[in-house]
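# Structural characterization, general
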Amino acid sequence: MKLLLAALLSLVAAPASAADRLPKPMLGMWATEIAACSEQASELVMTVEPRSVLFYEHAYEIRLVATLKDGSLKASGYSVADDGRSRGSVTLKLVSADQLQINGAQIYHRCKK
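Residues numbered from 1 in each chain as written. Predicted model: local features only at pLDDT ≥ 70, side-chain atom pairs only at ≥ 80, totals over all residues. Heavy atoms only, no water.

### Some words on the overall build of the protein
Across its full length, the protein carries one helix and eight strands. Tracing the protein from N to C terminus, the helices and strands come up as α-β-β-β-β-β-β-β-β. Counting the 113 residues in the protein, one finds 28% classified as buried. Residue pairs in contact within the protein that sit at least 24 positions apart in sequence constitute 35% of those at least 6 positions apart. (Helix = DSSP H or I, 4+ residues; strand = E, 2+ residues; numbered from the N terminus. Buried < 20%, exposed > 50% of the residue type's maximum accessible area, 1.4 Å probe, protein only. Contact = heavy atoms within 4.5 Å.)

### Overview of the sheet that holds strand 3 (residues 52-54)
The strand order around the closed barrel built from eight strands is 1-2-3-4-5-6-7-8, with neighbouring strands paired in antiparallel fashion. Strand-to-strand twist in this sheet, taken as the mean axis angle between neighbours without regard to direction, amounts to 35 degrees. Direction of pairing for strand 6 (residues 84-96) relative to strand 7 (residues 99-102): antiparallel, over a ladder of four bridges. Residue pairing in the sheet places serine 96 in a bridge with glutamine 99 of strand 7. (Pairing = 2+ DSSP bridges. Axes fitted to C-alpha atoms, helices over the stretch in contact; angles between N-to-C directions.)

### Notes on the state of the cysteines
Applying the stated rule across the entire model yields one disulfide. In this model, cysteine 37 is linked to cysteine 111 through a disulfide, with the two sulfur atoms separated by 2.0 Å. One quick way to see it: the torsion about the S-S bond of cysteine 37 and cysteine 111 is about -75 degrees, and its sign makes the bridge left-handed. Of the two residues, cysteine 37 sits in the loop between strand 1 (28-31) and strand 2 (45-49) while cysteine 111 sits in the segment after strand 8 (106-110), which places them 74 residues apart along the sequence. Just as cysteine 37 is buried, cysteine 111 falls in that class too. (Disulfide = S-S within 2.5 Å.)

### Observations concerning the pairing of strand 2
Of the strand pairs in this sheet, strand 1 and strand 2 are connected by four bridges, and their pairing is antiparallel. For glycine 28, the partnering residue across the bridge sits in strand 2 and is valine 48.

### Section: the nonpolar core
As a rule of thumb, soluble globular proteins bury nonpolar side chains together. If you look at the biggest cluster of nonpolar residues, it comprises 16 residues, and the most contacted ones within it are Leu22, Val48, Val53 and Leu92. Among the elements of the structure, strand 2, strand 4 (58-67), strand 5 (73-81), strand 6 and strand 7 are those that each provide at least two residues to this core. The dominant element in this core, judged by the number of residues it contributes, is strand 4, at three residues. If sequence neighbours within four positions are ignored, leucine 92 has contacts with Leu22, Met26, Val48, Val53, Ser72, Leu73, Ala75, Leu100, Gln101 and Ile102. By size, the runner-up hydrophobic cluster in this structure holds five residues, among which are Ala36, Cys37, Val45 and Cys111. (Core = buried A, V, L, I, M, F, W, Y, C linked by side-chain atoms within 4.5 Å.)

Structure, rendered in structure tokens:
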């Protein structure tokens, strides 16, 4: 019984799995135009964090990350904007080390520090 209790406690105390976080190569600041990287509050800039994707006036709170057949990641959770919060998802695909495709269309370029 003590062993079972200890096992259950370790599961509760365990860190979040990789299935609920975006991978390190995708993290950082990205922009649709490189020149926008120098502007902190630009509509062209997006920031990817382990559990969120932040746009100018919109964000996704990530709860689950699934790998799709084409290698892209579907990050599901909540979409947050001025009009409130609702269930939503965003698809991200690392095209190269410096290019990230969003929702199968828009290409963002990695902002250098």
